[in-house]
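Here's the letter readout for the chains.
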Amino acid sequence: MHRTQKLGSGLIVRQDVLESARFVFFASDIPEFPFWSPGGTAFVVNYQSRPYVITAAHVLEQTHRGDEPVITNTRWGTTPVRAAKVHRVSALDGGKLDADMSDVAVIAFDDSIGVGAFADTAYIVTEETIGTSDRGDALIVHGTLKAPSYISATEVSPSFASLEFEDVGATSDDPFLREGRAYFDDPALQSLSGLSGSPIYNVTRDRLCGMVVRGGIDDGNARIRFMDIFDIAKLLESISVDQ
């Protein structure tokens, strides 16, 4: 799903938000279980020429104390890129915001690690490549499904899926969240568990438009709640200023 986009500088780039997605898993100190995952997705972005990883905070909060998230260099990569710090909205706002708005985490890296560590898979975030979704827009959610993903002592095998939704607007009292709906006539798709933290691409507008916070499916009727990308971009701006 490579898209051609023109940046404000005049530079024309081709990038694929699917390639930015990562399976969220952790390294443990238990020899028999060196890796494990609570289920969840993250995605790598290039913001002001620095790499960051965005995910849902509740995905990271399911970890055991001391276990570190493993961020691979590519979607299917085996080379880890060591994280430096995890920033959470709840830590920045003192826990005053709604739980859903606080459910955002951004992983930052040391100055020695540039966007090149991710082999050109970090999605470039600028005013020209992100945008707010609108009612009726076509969306693609790309993330991992927990049930078919597999981890053993010697193998980490995520199961990625690209699912099409339609934006049905802001349907809750939470001003930060929008809703996407879809129907899937697929008996194998019984759960959306694992999609939390997934990037959402607006096909109608050719823009990255948000991140999945939660979702579910019942008799083929699927719903997701997602956070607007501009709210996430504000967090990235705040973090980059402090680095």
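In what follows, the structure referred to is the one given above.
First, a word on what this report is: a plain description of the structure on this page.

## With respect to the side chain of E179
Tracing the chain through its elements places E179 in strand 16 (residues 177–183). With a relative accessible area of 2%, E179 lands in the buried category. Polar side-chain contacts of E179 include one of 2.3 Å to the side chain of T171. Those residues in contact with E179, other than ones at most four positions away along the chain, are E166, D167, V168, G169, T171, R223, I224, R225 and F226.

## Considering unusual backbone geometry
For residues other than glycine, phi is negative in most cases, and the peptide bonds are mostly trans. Phi is positive for Q48, close to 55 degrees, though the residue is something other than glycine. Looking at the element boundaries, Q48 is found in the loop between strand 6 (41–47) and strand 7 (50–55). The backbone of A119 sits at a positive phi, close to 50 degrees, despite the residue not being glycine. On the secondary structure map, A119 appears in the loop between strand 10 (105–108) and strand 11 (123–124).

## Quick look at the environment of R214
Note on placement: R214 falls in strand 18 (residues 207–218). Take R214: its relative accessible area is 39%, and that puts it in the partly exposed class. In this structure the C-alpha to C-alpha distance between R214 and T78, which are 136 residues apart in sequence, comes to 28 Å.

## So, the packing of aromatic side chains
Tallied over the full model, the rule gives 7 aromatic pairs. Ring centres of F25 and F35 lie 5.6 Å apart, and the angle between their planes is 75 degrees; on these two criteria the pair is classed as edge-to-face. Of this pair, F25 sits in strand 4 (residues 25–30) while F35 sits in strand 5 (residues 33–36); the two residues are 10 residues apart in sequence, bridging distant segments of the chain. The structure contains a cluster of three or more aromatic residues connected by ring pairs, namely F23, F25 and F35. The residue whose ring lies beneath R75 is F160, and the NZ or CZ to ring-centre distance is 5.5 Å.

## A look at the environment of T121
Along the chain, the position of T121 falls in the loop between strand 10 and strand 11. For T121, a relative accessible area of 9% corresponds to the buried category. Note: C-alpha distance between T121 and S20 (101 residues apart in sequence) is 5.1 Å. Ignoring sequence-local partners within four residues, the contact set of T121 consists of E19, S20, R22, V44, N73 and T74. Within the local environment of T121, its side chain forms a polar contact with the side chain of R22, the two groups lying 2.7 Å apart.

## Details of the sheet that holds strand 18
Taking strand neighbours around the barrel as the criterion, the 6 strands line up as 12-15-16-19-18-17 in a closed arrangement whose pairing is antiparallel. Between one strand axis and the next, the sheet turns through 40 degrees on average, direction left out of account. Across 7 bridges, the pairing between strand 16 and strand 19 (residues 221–228) is antiparallel. Residue L177 lies in a different strand from strand 19, and its bridge partner there is M227.

Conventions adopted
Residues numbered from 1 in each chain as written. Predicted model: local features only at pLDDT ≥ 70, side-chain atom pairs only at ≥ 80, totals over all residues. Heavy atoms only, no water. Helix = DSSP H or I, 4+ residues; strand = E, 2+ residues; numbered from the N terminus. Buried < 20%, exposed > 50% of the residue type's maximum accessible area, 1.4 Å probe, protein only. Polar contact = N/O pair within 3.5 Å; in protein donor to acceptor, adjacent residues only side chain to side chain. Contact = heavy atoms within 4.5 Å. Phe/Tyr/Trp six-rings, centres within 6.5 Å; stacked < 30°, edge-to-face > 60°. Lys NZ or Arg CZ within 6 Å of the ring centre and 35° of its normal. Pairing = 2+ DSSP bridges. Axes fitted to C-alpha atoms, helices over the stretch in contact; angles between N-to-C directions.

So far we have only geometry, and geometry alone does not tell us how the molecule works.
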